[in-house]
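# Inside the fold
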Amino acid sequence: MSTPSDIVFRRPHESEGVAVHEIVAGSPPLDVNSEYCYLLLCTHFADTCTVAERSGRLIGIQTGYREPSAPDTLFIWQIAVSPEGRGLGIGRGMVEHLLSRFSDGSVRFLEQTVTKTNTASRALFQSVARHHGTEVSESLLFGDSHFAGAEHEAEYLLRIGPIGQASPLTMTSANKNQGVT
């Protein structure tokens, strides 16, 4: 699926923390964090986060960070797309845009935690792995008992990699809609 040409993928700006919070809040079953958390992600972690913008309005967010003990690994924390942007390939576009920033080979793995019932995230990660000619491994990271009595499903770690040099298709589709970064 090709993302519409009027979608721009870029790093978030500090001023967009509240809008990011609203997108996540409108994307159940994602855990909603504080506005302050999203402000930090849009500033301190902007290099590992991506927003999707259409007609000057944010319609998608991907948050993440490089793992301190494994700098060749990008951890994708959350991906959320507003209702009007769903089904357009925006989730994958944000991930590919993020990977294009590390085309020097410094990132070889992507990780994300997902529940068994989060079929959308699972499908997205499988799609990214297929596109890069690699596999997805899965292991339990946080069982039900890790969540202090809250009703929260177990979180499984999905790991894609190793990711080699991006294919021409990846770079073309990821950079096509980059806009200003």
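Residues numbered from 1 in each chain as written. Predicted model: local features only at pLDDT ≥ 70, side-chain atom pairs only at ≥ 80, totals over all residues. Heavy atoms only, no water.

### Describing the overall build of the chain
Along the chain, the regular secondary structure elements total five helices and seven strands. Looking at the chain residue by residue over its 181 residues, the buried ones come to 48%. Partitioning the intrachain contacts of the chain with sequence separation of at least 6 by distance along the chain shows that 66% fall at a separation of at least 24. In the form shown here, the chain has an accessible surface area of approximately 9,100 Å², with 55% of it arising from carbon and sulfur atoms. (Helix = DSSP H or I, 4+ residues; strand = E, 2+ residues; numbered from the N terminus. Buried < 20%, exposed > 50% of the residue type's maximum accessible area, 1.4 Å probe, protein only. Contact = heavy atoms within 4.5 Å. Areas by Shrake-Rupley, 256 points an atom, 1.4 Å probe, with all protein chains shown as cover.)

### Remarks on the nonpolar core
For soluble globular proteins, nonpolar side chains are generally found buried alongside one another. Counting 24 residues, the largest nonpolar core has I90, L99 and L110 as the members making the most contacts within it. Counting only elements with at least two residues in this core, the list comes to β1 (7-10), β4 (70-81), α3 (90-100), β5 (109-114), α4 (119-131) and β7 (155-161). The greatest single-element share of this core, amounting to five residues, is contributed by α3. Filtering out sequence-adjacent residues up to four positions away, I90 remains in contact with T3, I7, F9, A52, I59, V81 and G85. Among the nonpolar cores identified, the runner-up in size contains twelve residues, and L41, C49, I61 and A80 belong to it. (Core = buried A, V, L, I, M, F, W, Y, C linked by side-chain atoms within 4.5 Å.)

### Notes on the pattern of salt bridges
A full pass over the atoms with the stated rule returns nine salt bridges. Its salt-bridge partner being R11, residue D47 comes within 3.0 Å of it at the nearest N-O pair. Taken together, the residues span a long stretch of sequence, with D47 in the loop between α2 (35-43) and β2 (50-54) and R11 in the loop between β1 and α1 (17-25) at a distance of 36 residues. Under the relative-accessibility criterion, R11 is labelled partly exposed at 25%. E138 is the salt-bridge partner of K116, the closest N and O atoms lying 3.0 Å from each other. (Salt bridge = Lys/Arg side-chain N within 4 Å of Asp/Glu carboxyl O.)

### Examining the side chain of T134
Take T134: it is sitting in the loop between α4 and β6 (135-142). Separated by 2.9 Å, the side chain of T134 and the backbone oxygen of G161 make a polar contact. Every residue in contact with T134, bar those within four places of it in the chain, is listed here: A129, I160, G161 and P162. (Polar contact = N/O pair within 3.5 Å; in protein donor to acceptor, adjacent residues only side chain to side chain.)

### Quick look at the packing of aromatic side chains
Per the stated rule, a full pass over the model turns up one aromatic pair. Summarising the aromatic geometry, the rings of Y65 and F75 are spaced 5.2 Å apart at their centres and angled 35° between planes, so their arrangement reads as tilted. A residue pair is termed long-range when its members are at least 10 positions apart, and Y65 in strand β3 (residues 57-67) and F75 in strand β4 qualify at ten residues. Judged by relative accessible area, Y65 falls into the partly exposed class, the value being 28%. (Phe/Tyr/Trp six-rings, centres within 6.5 Å; stacked < 30°, edge-to-face > 60°.)

### Examining unusual backbone geometry
The linkage connecting P28 with the following residue, P29, adopts the cis geometry, with an omega of 15°. Inspection of the secondary structure assignment puts P29 in the loop between α1 and α2. Residue P162 is bonded to the preceding G161 through a cis peptide linkage, with omega at 0°. Within the secondary structure layout, P162 lies in the loop between β7 and α5 (168-176). The backbone of S55 shows a phi angle near 55°, a positive value even though the residue is not glycine. Inspection of the secondary structure assignment puts S55 in the loop between β2 and β3. On the basis of relative accessible area, S55 is assigned to the exposed category, the value being 72%.

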